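Survey of secondary and tertiary structure
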Amino acid sequence: QVQLVESGGGFVQAGGSLRLSCVASGTIFEILAMGWYRQAPGKQRELVAQYIDMSGRITYGESVKGRFTISRDTAKNTVYLQMTSLTPEDTAVYYCGEWAYSDYDLDPDYWGQGTQVTVSS
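Predicted model, so just to flag it, every value in this text is computed and none were measured.

What about the environment of R57?
By secondary structure assignment, the location of R57 is in the loop between β5 (46-52) and β6 (58-60). Each residue touching R57, except ones within four places of it in the same chain, is listed here: Q50, Y51 and I52.

Okay, here's the thing in structure tokens:
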């Protein structure tokens, strides 16, 4: 089974930057897309960014457009999320996801364990 492991979360001051990484391992036949979700306490889970491998198409959530950048290193089965101009509203658990067979508008087929990002004011 595919396993996803996130890293790079932590505590950062408002206005600062942070880079998250997610590495896929295990039985990987194909990766259609990889992306990031986040969930803050008491709030709905939301899509942060999605990268479709075949086309290179990138989708960002409205709240992070212009501030976050998703990128891929396909040779290492890795997806990154570069976050800049962070605000306290970005505080959440960030989850990596992989689509292997499901439609891109559905939930990912595989999830990472999550990494905490805390932005202080």
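What to know about the pairing of strand β3 (residues 18-25)
Here strand β1 (residues 3-7) pairs with β3 via 5 bridges, running antiparallel. Following the sheet pairing, E6 is matched in β3 by C22. Examined bridge by bridge, β3 and strand β8 (residues 78-83) share 6 bridges and lie antiparallel to one another. Counted as the bridge partner of L20 is L81 from β8.

Regarding the pattern of salt bridges
Any two side chains of opposite charge can pair, on the condition that their charged atoms come close. This structure, assessed with the given rule, holds 6 salt bridges. Across the salt bridge formed by E46 and R38, the nearest N and O atoms sit 2.6 Å from each other. Judged by relative accessible area, R38 falls into the buried class, the value being 5%. Close ionic contact of D107 with R45 constitutes a salt bridge, the shortest N to O distance being 2.7 Å. Residue D107 is found in the loop between β9 (92-99) and β10 (110-111), and its partner R45 is found in the loop between β4 (33-39) and β5; the two are separated by 62 residues along the sequence.

What counts, and at which threshold
Residues numbered from 1 in each chain as written. Predicted model: local features only at pLDDT ≥ 70, side-chain atom pairs only at ≥ 80, totals over all residues. Heavy atoms only, no water. Helix = DSSP H or I, 4+ residues; strand = E, 2+ residues; numbered from the N terminus. Contact = heavy atoms within 4.5 Å. Pairing = 2+ DSSP bridges. Salt bridge = Lys/Arg side-chain N within 4 Å of Asp/Glu carboxyl O. Buried < 20%, exposed > 50% of the residue type's maximum accessible area, 1.4 Å probe, protein only.

Function cannot be inferred from these measures alone, as they are strictly geometric.
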